[in-house]
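The lines below spell out each chain.
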Amino acid sequence: MNTTAHRKQKLVLIATFLLIPVLLLGTFTYYPAVRLLQLSFSSWDGINPTIHYVGWDNYRDIFKNRDNLDALWHNTAYLIVGLLQMALALYFAIVLSGKIRGRKAFRSILFLPYMLNSVAISFMFQYVLSYDDGALNQSLRHLGLGVLAMKWLSDPHIVNFTFGFMNLWKYMGFMMVIFLGALQSIPQDIYEAAEIDGANAWQKFRRITLPNIRKIVELCLFLNLNGALASFEFPFSVYPLGSPFGIADTVVMRTLNTAFKFSSYGLASAMGIVLMLIVAVLVMLQRKLVVRRED
Amino acid sequence: MQKYLKTGIALTALAAILSACGGNAGNAGNKGASAGTGDASNGKADVKGKIVFVNNRIDLTDKLKEIAAKFHEKYPNASVEIQTMKDLAPLKVRLTSGDAPDVMYNNVTTKDQLPQFFLPLDDLGFNKDNMLFYGTASYDGKVYGIDEGAYLTGVLYNKQVFKDAGIDAVPKTLDELFAALDKLKAKGVLPMGSMVKQIWPLTNWTTVAAAAANDPDFMNKTADSDAPFSLDTPYGKEFAFIKQFIDKGYMEKDMASSDWDVLRKEMGAGKVGMLMLANYGIGAIEGTDPANVGFFPLPIDNSGTPVTMLTNGFDIVVNKKTKYPEAAKAFVKYWLEESNYEDLIGILPSYSGKKSTNPQLAEFLASHPKQYPINPATDALSAVANKSQVQIFNVAAAAMLSSNDMQSVIDKFNKQWADARAAVK
């Protein structure tokens, strides 16, 4: 008799504890997601009390519009720079986990940009990267390297990489800290044993470090992909009304403007769903590739 | 048993907190209500209640507080709280959720949605003769929104820079304008800032299109055209006009990075000669004495009569769900007739009973420019514009950036517009 009463008590307790979190999850995550899917089949303008449903029209419009494809292309620039960001983060993590003087100070300095507000960072970089009188171009010209003084924020071939760099500047420290944590979980005796066997630095890295932090590398690859496809804060702060000719527009910028500037909530919802599907597909692809590479 | 007791107490506490939160919403309206013991004169005691007005000038909160105080003096039983928001977009969400302020600016609803959200304002004593743009925010014969003031486009300039470059008089013809720009170029000052980076300042070049069209509805008529940006249309003439400035080298080499926020400081510092903007820019030039900022209408030909485009400012509307409609309407009347807000931000008062006392506007109007008013967008135009996602200033920016090959830009945007027109039908 005791056990059934006990079990009932346990169930009631679990249920009451779960009630509030599940309610919150439902209200703020699942309900909006379902609503988003619903709205993506409509032509709602954000203010009309009645919603007209238009079937797959929104999805057709998305794929017909060339500008959306261009925006996705811009996002890949962030992806490429993101890979560089991962490599740098891993490099600094390895260097700064060894016994170097002042390594705590270096770690703090590299992590500091993550604490800054993205809008403030983009304002700062706008002044630094301005073509005529920005600090970067002026220094390059002063050093006689004027030929390298590019139009960082207005050349269509470079601008997305510039924003990718701003991303790198802010988030590399964060990734480095993640890698540091992972590195510290590898027991030191493996390294010592390898040294005794005559392994050099590269072999130690490839055979010991990488396999042990594989899960973290996968996580960072996923974060990188997600971040690249959702990149928004830097180009939007610099070009809130869209870039001239759309040279630096990203998918999320276009979605936002579609919803709030052009009052096309239905189309914007569809864009959101499409982006989610793209992320899902790409992440699955990435996992297959990574798992195959690591033996 | 004890476990049940603790859970029960926790749940009761939670329920109590939640119900208290729900109860607060109703109390907000009663706070400012009649505490006045003053004599009721001219029915002013009927105007009572606390209302909220949302304005977009976050840089003017102190002056707005003064206006609110004066309103309270006039109507002792009523008070207005003027809140400021930099970006008015959240108001749309607040409207749909029923939580919008009593008085606000409206640029979110279409005409047929006006009666659902706002009160008619026909009883305020305004009409077509004493109020600019009266009746443009109306539906079914009732007026729901009243225009706060009109924007005038023109060229901002730094008076000291002009004097130093040897420009004695404000240019009234196109040749004089080019001569002045040449003098500025010779002096090493940027003759004219293009402001392409922000994109929105380029909307002021539509002045040229307005003058070419000579029709207040020319913008609305683009909703009926499949090629509104071609070179023979008013917009096309605007692009050709701007091209002259680019070809003569009066603008920056890298226009895409021409930043209004930087330029307005540089104009104050004397490094930029002219900026094609509107009267709302007069107060935005930083780094120099306000009296040093000048404003003249744009000459587009050699006739000696410069031109300016008149566009409507914000429409003021009263929320249908307001608890104090008399106070809200009294405030709207006060705002338009007595608050002097127009002088504060340098726009032309829309009420004919008010004359602007802004010195730059006076200088501007002394040139007797021909005024081309532009009627606010019709629902048809908004529908096509939203569907095509084409905004005139984006087209102008693209045209300016590829001024050597404007035709391909024009073709691209024409096609987007035509596709949207077909889809919206």
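These figures come from a predicted structure and were not determined experimentally. (Residues numbered from 1 in each chain as written. Chains lettered and ligands numbered in written order. Predicted model: local features only at pLDDT ≥ 70, side-chain atom pairs only at ≥ 80, totals over all residues. Heavy atoms only, no water.)

Draft legend 1. Molecular detail of the overall build of chain A. Counting secondary structure elements, chain A contains 13 helices and 0 strands. Secondary structure elements of chain A occur, N-terminal to C-terminal, as α-α-α-α-α-α-α-α-α-α-α-α-α. On C-alpha atoms alone, chain A measures out to a radius of gyration of 24 Å, which is more than a quarter above the 19 Å that the 2.2 N^0.38 rule sets for 295 residues. The C-alpha extent of chain A, read off along each of the three principal axes, is 80 × 70 × 35 Å. Counting over 295 residues, chain A shows a buried share of 38%. For chain A, the proportion of contacts with a sequence separation of at least 24, taken over those separated by at least 6, is 65%. (Helix = DSSP H or I, 4+ residues; strand = E, 2+ residues; numbered from the N terminus. Rg over C-alpha atoms; globule rule 2.2 N^0.38 Å. Buried < 20%, exposed > 50% of the residue type's maximum accessible area, 1.4 Å probe, protein only. Contact = heavy atoms within 4.5 Å.)

Draft legend 2. Focus on the pairing of strand 6 (residues 149-158) of chain B. Residue and element names in this part refer to chain B. Buried residues dominate strand 6, accounting for 10 of its 10 residues. Relative to strand 12 (residues 348-349), strand 6 runs antiparallel, the two sharing 2 bridges. Note on strand 12: the bridge partner recorded for A150 is L348. One ladder, built from 3 bridges, connects strand 6 with strand 10 (residues 307-312); its direction is antiparallel. Its bridge partner being in strand 10, L152 is matched across the sheet by L310. Pairing of strand 6 with strand 8 (residues 272-278) involves 5 bridges; the strand directions are antiparallel. By the bridge assignment, Y157 is partnered in strand 8 with M274. (Pairing = 2+ DSSP bridges.)

Draft legend 3. Structural detail: the interface of chain B and chain A. With 38 residues of chain B in contact, the opposing surface of chain A contributes 33 residues. Between chain B and chain A, roughly 2800 Å² of surface is buried when both sides are summed, and carbon and sulfur atoms account for 56% of that area. Looking at the side of chain B facing chain A, the largest losses of area belong to K92, K197 and Q389 of chain B, adding up to 21% of the total buried there. On inspection of chain B and its partner chain A, the count reaches 2 salt bridges. As a salt-bridge pair, D61 of chain A and K387 of chain B come within 3.2 Å of each other at their nearest N and O atoms. For the pair chain B and chain A, the interface holds 8 residue pairs in polar contact (both at pLDDT 80 or more). Those elements that provide at least two residues to the side of chain B that touches chain A are helix 1 (2-27), helix 3 (90-96), helix 4 (114-117), helix 10 (260-268), helix 14 (379-388), helix 15 (392-401) and helix 16 (406-424) of chain B. Of the residues that constitute the side of chain B that touches chain A, the class distribution is 15 nonpolar, 13 polar and 10 charged. (Buried area = accessible area lost by both parts, 1.4 Å probe. Salt bridge = Lys/Arg side-chain N within 4 Å of Asp/Glu carboxyl O. Polar contact = N/O pair within 3.5 Å; in protein donor to acceptor, adjacent residues only side chain to side chain. Nonpolar A, V, L, I, M, F, W, Y, C, P; charged D, E, K, R; others polar.)

Draft legend 4. Examining the packing of aromatic side chains more closely. Taken as a whole, this structure holds 41 aromatic pairs over all chains when the rule is applied. Ring centres 5.5 Å apart and planes at 35 degrees place the aromatic pair F229 of chain B and Y235 of chain B in the tilted group. Here the guanidinium or amino end of K151 of chain A rests over the ring plane of Y131 of chain A, the centre of that ring lying 5.8 Å away. (Phe/Tyr/Trp six-rings, centres within 6.5 Å; stacked < 30°, edge-to-face > 60°. Lys NZ or Arg CZ within 6 Å of the ring centre and 35° of its normal.)

Draft legend 5. How the structure looks around the side chain of S350 of chain B. All names here are of chain B. If you trace the backbone, S350 turns up in the loop between strand 12 and helix 13 (359-366). A relative accessible area of 3% means that S350 is categorised as buried. Polar contacts involving the side chain of S350 include one to the main-chain carbonyl oxygen of D147, which spans 2.7 Å. A distance of 3.4 Å separates the side chain of S350 from the backbone oxygen of E148, its partner in a polar contact. Non-local contacts of S350, meaning those with residues more than four positions away in its chain, are made with N130, M131, L132, D147, E148 and G149.

Draft legend 6. Broad picture of unusual backbone geometry. Positioned with a positive phi, S263 of chain A is a non-glycine residue whose angle comes to about 50 degrees. Mapped onto the fold, S263 of chain A is located in the loop between helix 12 (251-260) and helix 13 (265-293). For S263 of chain A, a relative accessible area of 18% corresponds to the buried category. A positive phi angle, near 55 degrees, is found at M195 of chain B, a position not held by glycine.

Draft legend 7. Highlighting the nonpolar core. Residues and elements named next belong to chain B. Residues W205, F229, F239, F245 and M274 are the most contacted members of the largest nonpolar core, which totals 61 residues. Ranked by residues supplied to this core, first place goes to helix 15 with 8 residues. With residues up to four places along the chain from it excluded, the contact list for F245 reads L177, F178, L181, M192, W205, Y250 and M251. One finds M104, L119, I146 and Y351 within the second-largest nonpolar core, a separate group that totals 52 residues. (Core = buried A, V, L, I, M, F, W, Y, C linked by side-chain atoms within 4.5 Å.)

Draft legend 8. Region of interest: helix 5 (residues 118-129) of chain A. Residue and element names in this part refer to chain A. In a regular helix each residue adds 1.5 Å, so 12 residues correspond to 16 Å; helix 5 covers 16 Å between its end C-alpha atoms and thus fits that length. If you check which residues of helix 5 are buried, you get S118, I121, S122, F125, Q126 and L129. Viewed end-on, helix 5 has its buried residues packed into an arc of 140 degrees, placing them on one side of the element. Packing partners of the buried residues in helix 5 comprise helix 6 (135-142), helix 7 (159-183) and helix 11 (233-238). Where helix 5 begins, the capping side chain belongs to N117, and its oxygen is found 2.8 Å from the backbone nitrogen of V119. (Expected span 1.5 Å × (residues − 1). Arc of directions from axis to C-beta.)

Draft legend 9. Seen up close, a nonpolar patch on the surface. Side chains of L19, I20, L23, L24 and F28 of chain A sit close together on the surface and give an oily, nonpolar patch of about 510 Å² of accessible area. Mapped onto the elements, L24 of chain A comes out in helix 1 (residues 2-39). (Patch = residues over 30% accessible without salt bridge, like charges linked within 9 Å, V, L, I, M, F, W, Y side chains within 5 Å. Areas by Shrake-Rupley, 256 points an atom, 1.4 Å probe, with all protein chains shown as cover.)

Draft legend 10. Structural view of the pattern of salt bridges. A complete count under the given rule lists 20 salt bridges over all chains for this structure. Salt-bridge contacts for D247 of chain B lead to K243 of chain B; the nearest nitrogen and oxygen are separated by 3.4 Å. One end of the pair, D247 of chain B, and the other, K243 of chain B, are both in helix 9 (residues 234-247), 4 residues apart, so they sit about a helical turn from each other. What you see here is one network of salt bridges that share partners, running through R214, E218 and R287 of chain A.

Keep in mind these values describe shape, not function.
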